[in-house]
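This is what each chain is made of:
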Amino acid sequence: MKAVALISGSGSNLQSLIDHAEKIDLDIQAVISNKEDAYGIKRAQKVNIPTHVLIHTQFPSREKFDQQLSQTIDQHSPDIIILAGFMRILTEEFTQKYAGKMLNIHPSLLPKFQGLNTHQRALDAKESEHGVSVHFVTAKLDGGPVIAQARVPILADDTVESLAQRVLIEEHKLFPKVVHWFTQGRLKLIDNHATLDGQII
Ligand code: NHR
Ligand code: GAR
């Protein structure tokens, strides 16, 4: 299945998808970054995946940025759009255009800690566990239907870095698994519910 991945940073989740691509029937046609120094661009180049850099600050509005993003995505006619550490909020128009075809990985146990700085906020809230969620992207920021989660303990001496590292290990396992459900046609967004094999998750 043809995919386009959107990134903003290191791209370790992108790397995990690249590493699993063949066995999950994923054909990553292009990687798009809104940051020109994102290390994920290099990861894509190493395996000859075409890359595009669209720097959001060079656009007069979110709408214009998203229009260019959409045009760039459509050049590759993907069946799935994967947000792998993509850090720009998308307009309602954009999310509606790709409804049911766009997945995001978010580093918290949604609905807890939507938005940014999730690891710091989980530590500040003295949570005993934390984790990662994969969800369908809708206009509602980090509010689209959750598909799957993985949990990790929070340890007494955790820092943002140690906790983020523990969560990332789970991210790298969970995302390919969920993407595989999608490429197999098992995972669908129906009436704003995530469904697996026709059952609401
Ligand atoms: N867009 C929509 N409409 N819906 C979602 O669910 C989205 C989305 C865009 C990105 C990822 C999300 C995350 O997993 C995501 C989900 C960026 C921000 C943010 O505040 C928040 C959540 C997410 C991504 N971005 C700032 C902005 O002004 C910029 C922050 C920065 O550049 O560091 O866009 O966490
Ligand atoms: C990951 O933890 C991902 O869940 C998170 O950023 C990190 C990206 O790492 N995503 C967000 O916060 C989305 N706003 P990576 O670039 O190494 O995959």
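So, how was this worked out
Residues numbered from 1 in each chain as written. Chains lettered and ligands numbered in written order. Predicted model: local features only at pLDDT ≥ 70, side-chain atom pairs only at ≥ 80, totals over all residues. Heavy atoms only, no water. Near = heavy atom within 4 Å. Polar contact = N/O pair within 3.5 Å; in protein donor to acceptor, adjacent residues only side chain to side chain. Areas by Shrake-Rupley, 256 points an atom, 1.4 Å probe, with all protein chains shown as cover. Helix = DSSP H or I, 4+ residues; strand = E, 2+ residues; numbered from the N terminus. Phe/Tyr/Trp six-rings, centres within 6.5 Å; stacked < 30°, edge-to-face > 60°. Expected span 1.5 Å × (residues − 1). Buried < 20%, exposed > 50% of the residue type's maximum accessible area, 1.4 Å probe, protein only. Arc of directions from axis to C-beta. Contact = heavy atoms within 4.5 Å. Salt bridge = Lys/Arg side-chain N within 4 Å of Asp/Glu carboxyl O. Lys, Arg positive; Asp, Glu negative; His and termini not counted. Nonpolar A, V, L, I, M, F, W, Y, C, P; charged D, E, K, R; others polar.

Caption draft 1: The arrangement of the site of ligand 2 in detail. Residues in close proximity to ligand 2 include Gly 9, Ser 10, Gly 11, Ser 12, Asn 13, Gly 85, Phe 86, Met 87, Ile 105, Pro 107, Leu 168 and Glu 171, which together make up its full environment. One nitrogen or oxygen atom from the side chain of Ser 12 is found 2.6 Å from an oxygen atom belonging to ligand 2. Interatomic distance of 2.9 Å between a backbone N/O atom of Asn 13 and an oxygen atom of ligand 2. In isolation ligand 2 offers 450 Å² of accessible surface; the protein chains occlude 83% of this area. For the shell around ligand 2, the secondary structure elements donating two or more residues are helix H1 (12-20) and helix H6 (160-183).

Caption draft 2: Representation of the packing of aromatic side chains within the structure. Under the criterion given, the structure shown has two aromatic pairs. On the basis of an interplanar angle of 75° and a centroid distance of 5.6 Å, the ring pair of Phe 59 and Phe 65 is categorised as edge-to-face.

Caption draft 3: Broad picture of helix H3 (residues 62-74). The end-to-end C-alpha separation of H3 is 18 Å, in line with the 18 Å expected for 13 residues at 1.5 Å each. Turning to H3, its buried residues number three or more, namely Phe 65, Asp 66, Leu 69, Ser 70, Thr 72 and Ile 73. Along the axis of H3, the buried residues cluster in a sector spanning 165°; they form a single face. On its buried side, H3 packs onto strand E1 (2-7), strand E2 (27-33), strand E3 (51-53), strand E4 (80-83) and helix H4 (92-97).

Caption draft 4: The arrangement of the pattern of salt bridges in detail. Summed over all chains, the structure comprises six salt bridges. Linking Lys 97 and Asp 74 is a salt bridge whose minimum nitrogen-to-oxygen distance equals 2.6 Å. Note that Lys 97 is positioned in helix H4 and Asp 74 in helix H3, a separation of 23 residues in sequence. The exposure class assigned to Lys 97 is partly exposed, which follows from its relative accessible area of 47%. The class of Asp 74 is partly exposed, set by a relative accessible area of 35%. Lys 112 is the partner of Glu 127 in a salt bridge, and the nearest nitrogen-oxygen pair spans 2.9 Å. Here Lys 112 lies in the loop between strand E5 (102-106) and helix H5 (118-124) and Glu 127 lies in the loop between H5 and strand E6 (129-136), a separation of 15 residues in the sequence. For Lys 112, a relative accessible area of 42% puts it in the partly exposed group.

Caption draft 5: Layout of the side chain of Asp 142. Tracing the chain through its elements places Asp 142 in the loop between E6 and strand E7 (146-153). No salt bridge forms around the buried Asp 142; measuring N to O, its nearest opposite-charge neighbour Arg 121 is 7.2 Å away. Polar contacts involving the side chain of Asp 142 include one to the side chain of His 106, which spans 3.4 Å. Within the structure, Asp 142 has its side chain in polar contact with the side chain of His 135 (distance 3.5 Å).

Caption draft 6: Fine view of the site of ligand 1. Around ligand 1 sit 20 residues in total, of which Arg 62, Asn 104, His 106, Thr 138 and Asp 142 are the nearest. Within the side chain of Asn 104, a nitrogen or oxygen atom sits 2.8 Å from an oxygen atom of ligand 1. Between ligand 1 and His 106 there is a distance of 2.8 Å, counted from an oxygen atom to a side-chain nitrogen or oxygen. Protein contacts shield 84% of the accessible area of ligand 1, which totals 730 Å² for the unbound molecule. By residue class, the composition of the shell around ligand 1 is ten nonpolar, six polar and four charged.

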